[in-house]
Amino acid sequence: MANISLRGIKKVYPGNVEVIDNLNLEIKDKEFIILVGPSGCGKSTTLRMIAGLEEISGGELYIGDKLVNDVPPKDRDIAMVFQNYALYPHMTVYKNMAFGLSLRKVDKKVIDQKVHEAAKILDIEHLLDRKPKALSGGQRQRVALGRAMVRDPAVFLLDEPLSNLDAKLRTQMRTEITKLHKKLDTTFVYVTHDQTEAMTMGDRIVVMKDGIIQQADTPQNLYDSPCNMFVAGFIGSPQMNFIDTTISQKGDQYFADFGPYSIPIPQGRGGAEVFGSYVGKSVMMGIRPEDLHGEPAFLDASKESVIEMDVDLAELMGAEIYLYGTCIGTSLTVRTPARIQARTGDKIRLSIDTNKMHLFNKETEQVISN
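Rules used in this analysis
Residues numbered from 1 in each chain as written. Predicted model: local features only at pLDDT ≥ 70, side-chain atom pairs only at ≥ 80, totals over all residues. Heavy atoms only, no water. Helix = DSSP H or I, 4+ residues; strand = E, 2+ residues; numbered from the N terminus. Polar contact = N/O pair within 3.5 Å; in protein donor to acceptor, adjacent residues only side chain to side chain. Contact = heavy atoms within 4.5 Å. Core = buried A, V, L, I, M, F, W, Y, C linked by side-chain atoms within 4.5 Å. Buried < 20%, exposed > 50% of the residue type's maximum accessible area, 1.4 Å probe, protein only. Salt bridge = Lys/Arg side-chain N within 4 Å of Asp/Glu carboxyl O. Pairing = 2+ DSSP bridges. Axes fitted to C-alpha atoms, helices over the stretch in contact; angles between N-to-C directions. Expected span 1.5 Å × (residues − 1). Arc of directions from axis to C-beta.

**Brief notes about the side chain of Arg204**
Working step 1: Examined against the element boundaries, Arg204 turns out to sit in strand 9 (residues 204-209).
Working step 2: A polar contact of 2.6 Å, which involves the side chain of Arg204, links it to the side chain of Glu31.
Working step 3: For Arg204, the contacting residues outside a window of four places in its chain are Leu25, Glu26, Ile27, Glu31, Phe32, Ile33, Ile34, Ala216, Asp217 and Thr218.

This is the structure we're talking about:
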């Protein structure tokens, strides 16, 4: 069993610099879990503590049922793939992949079999006699993956493995790593700052900020039901729009007001028990760029939730247009089908899909309603 349990984990560097404080996380056996967050949030430090490359300042770390706080990396049954590949430049691909097994004095026939099996899966059999300098970035990354695979570890740890690749190759390697996880059927812990990687690859995503887990959930749940403004703004591209609004009430109906607009909050979002204490108070409305619609059908169907935006910039992305503009002094981004004939300098009408509206407490930044 390759489940991983982090219980009250702390990391304090000399000078009393606290990077991780009381981190608790359960990673299931065979799960593909992604640690994501901005630079300096503690995700790589967490990964390195799991690997044993970073000392744990407090708490308990279990791999399977074994407490591994003081277990050296070589005895943890893990394999790590680094951002910079960490290949030996003077060795061939074959020797790079075989090196760890050779150190363990594994039989040469077994090494040869494992190296060729991994090379076949990764489609690098034709590269086994080359040295790293003769390889492209994508090929080097495959070699690094292969070197980890031959060890047949219980846990794969991947630290931003695609960040040195160009955009096209990153997309291709995302698919390859996802397929590899399914084929190997083992636990993957993957660190990235790229939320697109996180959304497309992970069974579950752990969003971190300042060494604290903000939310751990499936990609869809994170997207649909963020627990706070940080998660809402971090997950999704282009990022969520935030509009400063005031809650008002007419009878049983609650509204989010800004400027001349009074946007009805759907009844299913709750009544007095949710919004009663916020009436007359300022809250933050979140709406994703794709939930602002300029098509006539949407505008006609929901006249109460129509706003106007001045378009400052229109970016044609092929099938879609990204519109950047302002509404009552608030910057907005709209993601809409290319058939919408909006261009720079236009004033357009947009319908807010109120069923996709998020409301947050301005002071705590915690969600009020998703």
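Following the structure, the description resumes.
**Observations regarding the nonpolar core**
Working step 1: By size, the foremost hydrophobic cluster in this structure holds 45 residues, and its most contacted members are Met97, Leu145, Leu158, Ile177, Tyr190 and Val207.
Working step 2: It is helix 4 (residues 137-149) that contributes the most residues to this core, five residues altogether.
Working step 3: Setting aside its immediate chain neighbours within four residues, Tyr190 contacts Phe32, Ile33, Ile34, Leu35, Leu158, Pro161, Leu162, Ile177, Glu197 and Met201.

**Here we look at the pattern of salt bridges**
For side chains bearing opposite charge, pairing can occur when the charged atoms are close.
Working step 1: Under the counting rule described, the total for this entry stands at twelve salt bridges.
Working step 2: Here Lys30 and Asp185 are joined by a salt bridge, their closest N and O atoms 3.4 Å apart. Here Lys30 is found in the loop between strand 2 (17-27) and strand 3 (32-36), whereas its partner Asp185 is found in the loop between helix 5 (167-184) and strand 8 (187-192), with 155 residues between them in sequence.
Working step 3: A relative accessible area of 38% places Lys30 in the partly exposed class.
Working step 4: Assessed through its relative accessible area of 43%, Asp185 is described here as partly exposed.
Working step 5: Among the salt bridges present, the one from Glu31 reaches Arg204, with a minimum N-O distance of 2.6 Å. With Glu31 in the loop between strand 2 and strand 3 and Arg204 in strand 9, this residue pair connects regions lying 173 residues apart in the sequence.

**Let's talk about the sheet that holds strand 20 (residues 358-361)**
Working step 1: As summarised here, the arrangement of the six strands in space is 13-12-11-14-20-21, forming an open sheet in which the pairing is antiparallel. Here the strands that pair on one side only, and so sit at the sheet edges, are strand 13 (261-264) and strand 21 (367-369). Each adjacent strand pair in this sheet contributes to an overall mean axis angle of 45°, direction not counted.
Working step 2: Where strand 20 and strand 21 come together, two bridges link them in antiparallel fashion. Residue pairing for strand 21: Leu359 is matched across the bridge by Ser369.

**Topic: the pairing of strand 4 (residues 58-63)**
Working step 1: Taken together, the five bridges between strand 1 (residues 4-13) and strand 4 define a ladder with antiparallel strand orientation. Of the residues in strand 4, the one forming a bridge with Leu6 is Leu61.
Working step 2: Of the pairings in the sheet, the one linking strand 4 to strand 5 (residues 66-67) comprises two bridges and is antiparallel in character. Considered in strand 5, the bridge of Tyr62 is made with Leu67.
Working step 3: Adjacent in sequence and paired antiparallel, strand 4 and strand 5 are bridged by two residues, among which Gly64 carries a positive phi angle near 65°.

**Details of helix 5**
Working step 1: Across its 18 residues, helix 5 extends 26 Å between first and last C-alpha, which sits within 8% of the 26 Å expected from 1.5 Å per residue.
Working step 2: Within the span of helix 5, buried status applies to Met173, Arg174, Ile177, Thr178, Leu180 and His181. Down the axis of helix 5, the sector holding all buried residues measures 160°, keeping them to one side. Those residues of helix 5 that are exposed and aimed more than 90 degrees away from the buried face are Lys168, Lys182 and Lys183.
Working step 3: In this structure, the buried residues of helix 5 make contact with strand 3, helix 3 (108-121), helix 4, strand 7 (155-159), strand 8 and helix 6 (195-201).
Working step 4: Measuring from the backbone nitrogen of Lys168 back to the side-chain oxygen at the start of helix 5 gives 3.2 Å, which picks out Asp166 as the cap.

**Points about the environment of Ser305**
Working step 1: Mapped onto the elements, Ser305 comes out in the loop between helix 10 (296-301) and strand 16 (306-316).
Working step 2: On the basis of relative accessible area, Ser305 is assigned to the buried category, the value being 4%.
Working step 3: Each C-alpha atom, one on Ser305 and one on Arg339, is 22 Å from the other, the two residues being 34 residues apart in sequence.
Working step 4: With near-sequence residues (within four places) excluded, Ser305 lies in contact with Ile263, Leu350, Ser351, Ile352 and Thr354.

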